[in-house]
Amino acid sequence: MLDVARIREDFPILGRKVHGRPLVYLDNAATSQKPLAVVEALVEFYTRTNANVHRGIHALSEEATARFEEARAKTGRFIGAPKPATVIFTRNATEAVNLVSHAWGRRHVGPGDEILLTEMEHHSNLVPWQMLAQAQGATLKFIPVTSDGQLALEELPRLLGGKTQLVSLTLMSNVLGTINPVKEVVQQAHSKGIPVLVDGAQGVPHLPVNVLDLNCDFLAFSAHKMLGPTGVGVLYAKEAILEEMDPFLGGGDMIRDVWLEKAVWNDLPWKFEAGTPNVADVIAFGAAIDYLERIGMEEIRRHEEALTRHAIKLLREIEGLTIYGPLDPARRGAAIAFNVNGLHPHDLGQILDEEGIAIRAGHHCCKPLMRKLGVVAAARASFYLYNTEEEAELLAQAVSKAKGVFHVVSHR
Ligand code: 7TS
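Our subject in this report is the structure included herewith. (Residues numbered from 1 in each chain as written. Predicted model: local features only at pLDDT ≥ 70, side-chain atom pairs only at ≥ 80, totals over all residues. Heavy atoms only, no water.)

Structural notes on the packing of aromatic side chains
In this structure the tally under the stated criterion is six aromatic pairs. Summarising the aromatic geometry, the rings of Phe45 and Tyr46 are spaced 5.4 Å apart at their centres and angled 70° between planes, so their arrangement reads as edge-to-face. What makes Phe45 buried here is its relative accessible area of 1%. Look at Tyr46 and you get exposed, because its relative accessible area is 53%. (Phe/Tyr/Trp six-rings, centres within 6.5 Å; stacked < 30°, edge-to-face > 60°. Buried < 20%, exposed > 50% of the residue type's maximum accessible area, 1.4 Å probe, protein only.)

Quick look at the site of the ligand
Around the ligand, the surrounding shell holds 17 residues, and the nearest of these are Thr94, Asp199, Ser222, Arg360 and Arg380. With respect to the ligand, the side chain of Thr94 contributes an N or O atom lying 2.5 Å from an oxygen atom. Here an oxygen atom of the ligand sits 2.6 Å away from a polar atom, N or O, in the side chain of Ser222. Protein chains bury 89% of the 490 Å² of accessible surface belonging to the ligand in isolation. By residue class, the composition of the shell around the ligand is four nonpolar, nine polar and four charged. (Near = heavy atom within 4 Å. Polar contact = N/O pair within 3.5 Å; in protein donor to acceptor, adjacent residues only side chain to side chain. Areas by Shrake-Rupley, 256 points an atom, 1.4 Å probe, with all protein chains shown as cover. Nonpolar A, V, L, I, M, F, W, Y, C, P; charged D, E, K, R; others polar.)

A few points about the pattern of salt bridges
Applying the stated criterion across every chain, the model contains 24 salt bridges. For Glu273, the salt bridge is made with Arg72, and the minimal N-O distance between the two is 2.8 Å. Here the residue Glu273 occupies a position in the loop between strand S12 (263-265) and helix H10 (279-295), and Arg72 occupies one in helix H3 (residues 59-78), the gap between them amounting to 201 residues. Taking relative accessible area as the criterion, Arg72 reaches 1% and is therefore assigned buried. One salt bridge connects Asp267 with Arg256, and the closest N-O pair in it is separated by 2.4 Å. Separated by 11 residues along the polypeptide, Asp267 in the loop between S12 and H10 and Arg256 in strand S11 (residues 255-258) bring together distant segments of the chain. In this structure Arg256 comes out as exposed when scored by relative accessible area, which is 51%. (Salt bridge = Lys/Arg side-chain N within 4 Å of Asp/Glu carboxyl O. Helix = DSSP H or I, 4+ residues; strand = E, 2+ residues; numbered from the N terminus.)

Here's the deal with the sheet that holds strand S16 (residues 360-362)
With respect to topology, four strands assemble into an open sheet ordered S13-S14-S17-S16, the strand pairing being antiparallel. The two strands at the open ends of the sheet, each matched to only one other strand, are strand S13 (321-323) and S16. On average, adjacent strands in this sheet sit at an angle of 30° to one another, irrespective of strand direction. When S13 meets strand S14 (residues 335-340), the two strands line up antiparallel, connected through three bridges. Looking across to S14, one finds that Ile323 is bridged to Phe338. Strands in contact with helix H11 (residues 297-316) are S13 and S14; relative to S14, the strand with the most contacts, it is inclined by about 5°. (Pairing = 2+ DSSP bridges. Axes fitted to C-alpha atoms, helices over the stretch in contact; angles between N-to-C directions. Contact = heavy atoms within 4.5 Å.)

Considerations on unusual backbone geometry
Only a minority of non-glycine residues have a phi that is not negative, and only a minority of peptide bonds are not trans. Look at the link from Leu268 to Pro269: it is a cis peptide, with omega at -5°. In this fold, Pro269 is placed in the loop between S12 and H10. Positioned with a positive phi, His54 is a non-glycine residue whose angle comes to about 60°. Summarising the element assignment, His54 is placed in the loop between helix H2 (36-49) and H3. With a phi close to 55°, His364 is a non-glycine residue in the positive phi region. Among the structural elements, His364 can be located in the loop between S16 and helix H13 (367-373).

Here's the deal with the nonpolar core
Of all hydrophobic cores here, the largest spans 81 residues; its most connected members are Ile79, Val167, Leu219, Leu227, Phe285, Leu385 and Tyr386. At 12 residues, the largest contribution of residues to this core is made by H10. In terms of nonpolar packing, the next biggest core, distinct from the first, is built from 29 residues, Val24, Ile312, Ile357 and Ala402 among them. (Core = buried A, V, L, I, M, F, W, Y, C linked by side-chain atoms within 4.5 Å.)

Rendered as structure tokens:
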């Protein structure tokens with residue numbers, strides 16, 4: 001069992017009030033809050049160590065470089081990567097996917113080729129492939145989503161054709177909460193020699209993830225959704241793939257040697273990190289990983305599964321409320337999207353905000369999925385390690401109350 005009361009003490013923001021009410025932060029799928037250890041790592045870096053990396057021979061630069069590379073090693077260990085050099089820092093998960101669509105995609109995807117995605121992808125794992133397909137004359141295919149928010153896996157053998165160059169799918173949906181059977185998808189794709197990119201933006205913060213176990217070829221995720229600062233993303237890829245890939249961006253740090261007419265590339269991972277990286281935030285991300293590891297991802301998953309069970313049970317008791325995605329907490333994460341009959345999710349979000357409850361309302365950057373669900377928007381409550389059962393109860397009470405209020409207002 002997580003000692004949630006103790007954990008909450010590490011997150012000063014959770015003690016603040018919003019509109020005079022204690023904050024109930026349920027927008028973790030958008031971004032998580034940060035523990036003091038992460039904030040302190042930032043302050044410590046800027047007050048003691050600040051210097052550029054991989055350059056100076058002076059003490060500060062050497063220290064900054066060592067701590068930056070230490071954070072890379074930690075990140076690699078956290079996801080079970082065989083070598084730190086297979087971990088590339090980007091700005092966010094979105095940039096990690098774009099890195100692959102440019103640097104790998106332009107070489108491997110040609111006219112008539114296919115890229116297989118799913119109908120539940122975030123725009124970050126959809127639009128980059130649309131751009132690539134358009135540039136290269138390729139086609140996108142999609143694993144359908146069933147009415148209960150799961151992938152129609154029986155379609156996979158048919159969809160993995162001779163022209164498929166890549167499969168790219170999310171580990172966990174940011175709308176449906178669905179945890180996808182990525183390992184199974186990887187096995188089927190690999191049996192046909194097709195590599196797989198996993199969008200781990202929602203999965204990595206909430207589930208134990210091991211890239212060797214998944215056997216995925218690429219994994220993209222963002223630090224800010226897992227207690228780390230904004231401005232740091234990660235691309236993991238198999239070493240052989242990275243070695244063979246051309247760089248994405250050109251500039252300082254990514255070169256071994258440069259002449260006026262040409263350049264040769266640096267070793268991994270720096271070949272993919274042009275320009276001054278986000279040194280301070282990467283180091284603070286290391287502190288976030290330490291924090292998550294101290295608590296344990298298995299424990300976090302167990303806590304969230306129990307919270308999800310509780311929240312779904314309470315929300316289902318509200319008449320006219322529809323939850324999207326699987327209802328079984330074992331098959332899903334703690335991002336719960338829903339709609340209430342006769343109540344626009346934006347209005348609901350606003351009413352909940354007045355109660356100090358932060359949720360997200362909108363299309364959640366999944367417009368095609370919204371169309372599939374037959375809605376333009378949904379409300380979404382998303383939980384993390386510091387959320388409590390009482391907060392799930394406050395959410396359900398506030399939704400019931402909002403329904404009552406709105407019913408009265410709309411019938412005046
Ligand atoms: N993939 C998934 C599955 C996501 O949920 C998100 C962000 C991204 C990729 C992109 O992450 P970024 O850090 O590059 O922006 N999802 C959300 C969300 O659900 N609400 O706000 C951001």
